[in-house]
Amino acid sequence: MIRTLGLYFFRRYVVTTVWFLLGIFALIFIIDFSEMSNRIGSLPGYTLSTGLLVTALRIPMIMMQTVPFVALFAGMAALISLNRRYELVVTRAAGISVWQFLRPFVAGAFLFGVLAVLVLNPLAAWGSRKAQEFETSWGATSGARSENAVPWIRQIYGKDEAIIGAKAVLDDGTRLVNVSVIHFDSDSRIVLRQDAASATLEDGYWLLKNVHETRTGELPVRLDEVQLRTNLKREFVQESLEKPESIAFFDLGRKIEAARSFGFPTNAMETQFHSMLSLPLLLVAMTLIAACVSLKFSRFNQSRAVILGGILSGFMLYVVTVLVKAFGSSGVVPPFVAAWLPVVVAMSLGATILLHQEDG
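Residue positions are given per chain, counted from 1 along the sequence in the order it is written. Since the coordinates come from a predicted model, pLDDT governs what is reported: local features require at least 70, and pairs of side-chain atoms require 80 or more to be given and counted, while whole-chain, interface and lining totals use all residues. By convention in this description, side-chain values take in all heavy atoms of the structure and omit both hydrogens and water.

The protein is annotated in an unreviewed UniProt entry as LPS export ABC transporter permease LptG of Shinella zoogloeoides.

Written out as structure tokens, the structure reads:
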């Protein structure tokens, strides 16, 4: 009986979660498509079909941010629905404890987290890169910059010192769009500025295309191509330009090792890696919070104050998780502690509250 009941509860949780995901997907799609159409709809390369495609590519990255709330609301909705239909009342009357009939919900939340890490996260990283390529091809570099701000790169080759900046990054940092290169002499005075439509990192040089060169006291000169000698390696540029959120989970370990070999700080990537590892348990904590406010039987309707308290508790857990993650990325807190401490504390508090409610 317990196995059959567990499968039934598990199926109800999965169906509720899928409906929430579909609803959030539709809502995000409409909002993001409307915003993007207003922002870049007038660009020459933009069409309705490609706009819909780019919106679809961007959605997985946005949905990754909503996964904890989906787990919270799906757990609350499923448990409240079972309560209103007296199914939890009958389950308790049959002698099944709260810890037994909550197992399917906990297992469903954990499986949801695993799928989010192994499927949704890589899809979000890939879709974000493809969407940025489309926007850049239309000339929407301002929008791309707001999502993935590009730092300036300083390079020294022989006696030439230069700073390279761009408005958009493609191909994992090896292709820059709307590039500005500022050259300095030995006295740190600007001697040359090169503005190019794009720059591609080749073997030992940057290939600048459609270049405007400006020197002090001279008229600007336009050149089709210019080779800017460099000793930067592809791996170095990739590690310096990529954001941890845009890296797929399967690539994070390799990226961390590469960053360490170049002497880059790896706090942000390590925090992201541990955050992905702890995501399934974070969803379990959200489910326990949902259970704390949804298991009390009410003949007509659940208390609005209790439901609101559950939503606020889940929101506070999410805010604390993001805040501590920022501390871990900046190096204030060790990455392992930053990712796992809020999850462990939330699970402990949820289990304690349930023990107090159910077992006294």
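Considering the side chain of glutamate 213
In plain terms, the rule: Under the scheme used here, helices are H or I runs from DSSP no shorter than 4 residues and strands are E runs no shorter than 2 residues, and both carry numbers assigned from the N terminus. Partly exposed residues are those whose accessible area sits between 20% and 50% of the maximum for their type, while under 20% is buried and over 50% is exposed, using a 1.4 Å probe and protein chains only. As used throughout, the charge tally considers Lys and Arg to be positive and Asp and Glu to be negative, leaving His and the chain termini uncounted. One side-chain nitrogen of Lys or Arg within 4 Å of one carboxyl oxygen of Asp or Glu is enough to make a salt bridge. Polar contact criterion, stated in full: a pair of N or O atoms within 3.5 Å, where within protein one must be able to donate a hydrogen and the other to accept it, and residues adjacent in sequence count only if both atoms are side-chain atoms.
Its place among the elements puts glutamate 213 in strand E6 (residues 205–215). Buried glutamate 213, no salt bridge; nearest opposite-charge side chain is arginine 215, N-O distance 4.3 Å. A distance of 2.8 Å separates the side chain of glutamate 213 from the side chain of glutamine 194, its partner in a polar contact.

Comments concerning the side chain of serine 198
For serine 198, the location among the structural elements is in strand E5 (residues 190–201). Note on serine 198: relative accessible area 16%, which makes it buried.

Here's the deal with the confidence of the model for the protein
Just so we agree on the cut-off: A score between 0 and 100, pLDDT records how confident the predictor is in each residue. Note on definitions: a residue-residue contact is assigned when non-hydrogen atoms from the two residues lie within 4.5 Å.
In this model, the protein carries a mean pLDDT of 83, and residues with pLDDT of at least 70 account for 89%. Predicted confidence for residues 142–148 stays below pLDDT 50, and this span has 15 contacts to residues more than four positions away or in other chains.

Here's the deal with the pattern of salt bridges
Under the criterion given, the structure shown has 7 salt bridges. Where aspartate 32 meets arginine 58, a salt bridge forms, and the shortest distance between an N and an O atom there is 2.7 Å. In this pair, aspartate 32 sits in helix H1 (residues 2–40) while arginine 58 sits in helix H2 (residues 48–84), placing the two residues 26 residues apart along the sequence. By relative accessible area, aspartate 32 is classed as buried at 8%. Of the charged contacts in the structure, one is a salt bridge between aspartate 185 and arginine 189, with a shortest N-O distance of 3.3 Å.

Describing the UniProt feature "transmembrane region" (unreviewed entry) in the protein
Convention followed: UniProt positions are given in the numbering used here, feature names are shortened, and annotations may be inferred rather than shown by experiment.
Following the UniProt record, one finds the feature "transmembrane region" (unreviewed entry) at residues 12–31, 51–80, 101–120, 273–293, 305–324 and 336–355. Helix makes up 100% of residues 12–31 and strand 0%, and the two end C-alpha atoms of the span are 29 Å apart. With 100% helix and 0% strand, residues 336–355 has end C-alpha atoms that lie 28 Å from one another.

Quick notes on unusual backbone geometry
Residues apart from glycine generally show negative phi values, whereas peptide bonds are mostly found in trans. Positive phi outside glycine occurs at tyrosine 86, with the angle close to 65 degrees. Mapping tyrosine 86 onto the fold places it in the loop between H2 and helix H3 (87–93). In this structure, asparagine 210 is a non-glycine residue whose phi angle is positive, near 55 degrees. Mapped onto the fold, asparagine 210 is located in strand E6.

Thoughts on the packing of H2 against helix H9 (residues 267–294)
Formally: Fitted lines through C-alpha atoms give the axes, limited to the stretch in contact for helices. The angle between two N-to-C directions lies from 0 to 180 degrees. What sets the label is the angle itself: under 35 degrees gives roughly parallel, over 145 gives roughly antiparallel, 65 to 115 gives roughly perpendicular, and the rest give oblique. The hand of a helix crossing depends on one turn: near helix anticlockwise from the far one by less than a right angle means left-handed, and clockwise means right-handed.
The contact between H2 and H9 brings their axes to 8 Å, and the two run at 30 degrees. By the angle between their axes, H2 is roughly parallel relative to H9. Every pair of crossing elements has a handedness; the one defined by H2 and H9 is right-handed. Where H2 abuts H9, its residues Met64, Val67, Pro68, Ala71, Leu72, Gly75, Met76, Leu79, Ile80 and Asn83 lie against Met276, Leu279, Leu282, Leu283, Met286, Thr287, Ile289, Ala290, Ala291, Val293 and Ser294.

Looking at the nonpolar core
This is how the line gets drawn: Among the buried residues, those of types Ala, Val, Leu, Ile, Met, Phe, Trp, Tyr and Cys that are joined through side-chain atoms within 4.5 Å form a nonpolar core.
Phe101, Leu102, Phe105 and Leu295 are the most contacted members of the largest nonpolar core, which totals 48 residues. Contributions of two or more residues to this core are made by H1, H2, helix H4 (98–101), helix H5 (103–138), helix H8 (249–261), H9 and helix H11 (335–359). Of all the elements, H9 adds the most residues to this core, at 13 residues. Residues within four places of phenylalanine 105 in sequence aside, it is in contact with Phe9, Tyr13, Ala78, Leu79, Leu82 and Thr287. Core analysis: the next-biggest nonpolar cluster, separate from the first, contains 18 residues, Val169, Ala196, Leu201 and Trp206 among them.

A look at the environment of serine 186
Within the element layout of this structure, serine 186 appears in the loop between strand E4 (175–184) and E5. Residues serine 186 and glutamate 161 lie 25 residues apart in sequence; the distance between their C-alpha atoms is 8.1 Å.

Focus: a nonpolar patch on the surface
Note the cut-off: By definition, no residue in a patch forms a salt bridge, and every one has over 30% relative accessible area; like charges are joined within 9 Å, nonpolar side chains (Val, Leu, Ile, Met, Phe, Trp, Tyr) within 5 Å. The accessible surface values rely on the Shrake-Rupley method and a 1.4 Å probe; as for residues, cover is taken only from the protein chains in view.
Together, Val14, Val15, Val18, Trp19 and Leu22 line one region of the surface with nonpolar side chains, adding up to about 470 Å² of accessible area. Examined against the element boundaries, valine 15 turns out to sit in helix H1.

Overview of the environment of phenylalanine 69
Here phenylalanine 69 is to be found in helix H2. According to the relative accessible area criterion, phenylalanine 69 is buried, its value standing at 17%. Along the backbone, phenylalanine 69 and leucine 283 are 214 residues apart, and their C-alpha atoms lie at a distance of 8.6 Å.

Some details on the pairing of E5
For clarity, the cut-off: Criterion used throughout: strands pair if DSSP finds at least two bridges between them.
Examined bridge by bridge, E4 and E5 share 9 bridges and lie antiparallel to one another. Paired with histidine 183 across the bridge in E5 is leucine 192. Connecting the antiparallel pair E4 and E5 is a turn made up of 5 residues, with serine 188 showing a positive phi of about 65 degrees. When E5 meets E6, the two strands line up antiparallel, connected through 9 bridges. Bridging across to E6, threonine 200 finds its partner in leucine 207. As consecutive antiparallel partners, E5 and E6 are separated by 3 residues, and within that stretch glycine 204 has a phi angle of approximately 95 degrees, a positive value.

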